[in-house]
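# A look at the structure
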Amino acid sequence: MTTLNSSFGLEYAPTPFLVRFGRREMLVTRDFRKRFYPVNPIIECDTGVEPGHVEVLLFKRWLLILSKGR
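Reference entry: report on the structure contained in this document.

On to a nonpolar patch on the surface, then. Taken together, the side chains of Ile42, Ile43 and Phe59 present a nonpolar region at the surface, about 330 Å² in accessible area. By the element assignment, isoleucine 42 lies in the loop between strand 2 (24-30) and strand 3 (43-47).

Rendered as structure tokens:
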């Protein structure tokens, strides 16, 4: 059994936050995924991994996930 210690590096990752606008949600987080295609340096828009989600990548670093609230 392993435990996470301070050398793992998660303490340096910024905390994602969620904003609700009525029935809509916007999650803002850092993007740590490896992209295997050329990414637009300013803004990139794509469908999310779940139905009804839209992912917007800003400046190759910040990921905005737009979805309906539950």
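Next comes the rest of the account.
This next bit is on the environment of proline 16. Take proline 16: it is sitting in the segment before strand 1 (17-21). Residues proline 16 and valine 28, spaced 12 residues apart in sequence, show a C-alpha to C-alpha distance of 5.6 Å. The contact partners of proline 16, leaving out residues within four places of it in the chain, are Leu27, Val28 and Thr29.

Looking at the element boundaries, arginine 35 is found in the loop between strand 2 and strand 3. Exposure remark for arginine 35: the relative accessible area of 19% places this residue in the buried category. Note: C-alpha distance between arginine 35 and lysine 60 (25 residues apart in sequence) is 9.8 Å. In this view, arginine 35 contacts Leu57 and Leu63; residues no more than four positions away in its chain are not counted. A distance of 2.9 Å separates polar atoms of two side chains, one belonging to arginine 35 and the other to aspartate 31. Here the side chain of arginine 35 touches tyrosine 37 through a polar contact of 3.1 Å, side chain to side chain.

Scoring rules and cut-offs
Residues numbered from 1 in each chain as written. Predicted model: local features only at pLDDT ≥ 70, side-chain atom pairs only at ≥ 80, totals over all residues. Heavy atoms only, no water. Patch = residues over 30% accessible without salt bridge, like charges linked within 9 Å, V, L, I, M, F, W, Y side chains within 5 Å. Areas by Shrake-Rupley, 256 points an atom, 1.4 Å probe, with all protein chains shown as cover. Salt bridge = Lys/Arg side-chain N within 4 Å of Asp/Glu carboxyl O. Helix = DSSP H or I, 4+ residues; strand = E, 2+ residues; numbered from the N terminus. Contact = heavy atoms within 4.5 Å. Buried < 20%, exposed > 50% of the residue type's maximum accessible area, 1.4 Å probe, protein only. Polar contact = N/O pair within 3.5 Å; in protein donor to acceptor, adjacent residues only side chain to side chain.

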